[in-house]
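# Secondary and tertiary structure notes
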Amino acid sequence: MKARYVAVISVALCLSACGSDDKSVSPAPASATTARAVPSGLEAPVQQIAPGKQRVPFDPCLDIDEETLRKMGLDPATRKRRDQFNEVAVLGCRVDGPTRHTTLMATNSAFENEWNIARDRAQLTKVNGREAFVGLNAINPDGCTLVMRTPFGEVIVDTNNLIPGASDPLPPACDGVPEMSSVIEPLIPKEN
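Residues numbered from 1 in each chain as written. Predicted model: local features only at pLDDT ≥ 70, side-chain atom pairs only at ≥ 80, totals over all residues. Heavy atoms only, no water.

The subject of this paragraph is the pairing of strand E7 (residues 143–149). Most of E7 sits out of view: six of its seven residues are buried. For strand E6 (residues 130–136) and E7, the ladder comprises five bridges, and the chain directions are antiparallel. Following the sheet pairing, Leu 136 is matched in E7 by Cys 144. Both E7 and strand E8 (residues 154–160) contribute to a ladder of seven bridges, which runs antiparallel. Looking at the pairing, Cys 144 lines up with Thr 159 of E8. Here E7 folds back onto E8 in antiparallel fashion, the turn holding four residues, of which Gly 153 has a positive phi close to 155°. (Buried < 20%, exposed > 50% of the residue type's maximum accessible area, 1.4 Å probe, protein only. Helix = DSSP H or I, 4+ residues; strand = E, 2+ residues; numbered from the N terminus. Pairing = 2+ DSSP bridges.)

Put into structure tokens, the structure is as follows:
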């Protein structure tokens, strides 16, 4: 059982480096309440949900507006989808900034399972009062991962300082990540 969850967190954290540019997933139809102009290539996928799991109601590529991404130090024009549907549904969005790239993910994975996997390299924290943990990325020590609990699972801010041409020496991996997370936390649904 634990090996399954190690694989889940590894897949989620790897999306920033290993994500596919495959656009073969059909876009979801826009509802009347969410109809808006969606940039080409950022269309919401049809969520393929595993039995016993719930739909992910927060889409980082669509629900985080351009101004918010700029406040986080990221360039909205660099957004790329990094979705994955296996045992866990992951709606992911890779966004670059001048000193790091960031993958923003919303998943239906249980926060407790992820904490149990990461507890040796992470610490519990709060983001605007929301339970979270933050620590070095399991795959890349120059990266930082912050995971926030949500009613549907979790929202993850995964950063990586290794951008060609970035300043040398690189800043500590988790510098600014809690602040980035506090900017998007109010956008996360409080209920499913």
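Under the defined criterion, the tally for this structure stands at 10 salt bridges. For Glu 67, the salt bridge goes to Arg 70, with nearest N and O atoms at 3.7 Å. Placement of both Glu 67 and Arg 70 in helix H3 (residues 66–71) is noted, with a separation of three residues, approximately one turn of the helix. What makes Arg 70 partly exposed here is its relative accessible area of 45%. Each member of the salt-bridge network shares a partner with another, and the members are Glu 66, Glu 67, Arg 70 and Arg 79. (Salt bridge = Lys/Arg side-chain N within 4 Å of Asp/Glu carboxyl O.)

Our next topic: the packing of aromatic side chains. Evaluation of the coordinates by the stated rule reveals two aromatic pairs. With a centroid separation of 5.5 Å and an interplanar angle of 55°, the aromatic rings of Phe 111 and Phe 133 are classed as tilted. One end of the pair, Phe 111, is in helix H4 (residues 111–118); the other, Phe 133, is in strand E6, and 22 residues separate them in sequence. Neither residue differs from the other here; Phe 111 and Phe 133 are each classed as buried. For the ring pair Trp 115 and Phe 133, a centre distance of 5.3 Å and an interplane angle of 55° mean the geometry is tilted. Of this pair, Trp 115 sits in helix H4 while Phe 133 sits in strand E6, and the two are 18 residues apart along the sequence. (Phe/Tyr/Trp six-rings, centres within 6.5 Å; stacked < 30°, edge-to-face > 60°.)

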